[in-house]
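In case you want the letters, here they are:
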Amino acid sequence: MVRFLLQVAGLALALSGGLWLLQGLGVLMWPAESFMLDQRQWAFYGAITLILGAALLRWAGKRR
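All of the points below concern the structure found in this document. All values reported here derive from a predicted model rather than from experimental measurement.

Before going further, it helps to spend a moment on the side chain of Thr 49. When you line up the elements, Thr 49 lands in helix α2 (residues 40-62). Classification of Thr 49 by relative accessible area gives buried; the value is 12%. Not counting residues within four places of it along the chain, the set of residues in contact with Thr 49 comprises Leu 13, Ala 14, Ser 16, Gly 17 and Trp 20.

On to the packing of aromatic side chains. Inspection of every chain in the model, using the stated rule, returns four aromatic pairs. Consider the rings of Phe 35 and Trp 42, whose centres lie 5.7 Å apart with planes at 75°: the pair is edge-to-face. Using a relative accessible area of 59% as the deciding quantity, one classes Phe 35 as exposed. A residue is classified by how much of its surface remains accessible, and Trp 42, at 18% relative accessible area, is buried. With a centroid separation of 5.1 Å and an interplanar angle of 85°, the aromatic rings of Trp 42 and Tyr 45 are classed as edge-to-face. Of this pair, Trp 42 and Tyr 45 both sit in helix α2, separated by three residues, roughly a single helical turn.

Parameters at a glance
Residues numbered from 1 in each chain as written. Predicted model: local features only at pLDDT ≥ 70, side-chain atom pairs only at ≥ 80, totals over all residues. Heavy atoms only, no water. Helix = DSSP H or I, 4+ residues; strand = E, 2+ residues; numbered from the N terminus. Buried < 20%, exposed > 50% of the residue type's maximum accessible area, 1.4 Å probe, protein only. Contact = heavy atoms within 4.5 Å. Phe/Tyr/Trp six-rings, centres within 6.5 Å; stacked < 30°, edge-to-face > 60°.

These figures capture arrangement, not role.
Okay, here's the thing in structure tokens:
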């Protein structure tokens, strides 16, 4: 059960980080009212969040 929760949390972090990264880089301009669009600081935050999510997924996958 703990492994499943870690995987869900890792996936949520990775997906939200990817969204923030793409919005911050100006690649994904959705939603149009978002304050994160084309803001490099959000690209940085997104990259960090994406890396943390991927690391959590990897760690949860190794856990028995």
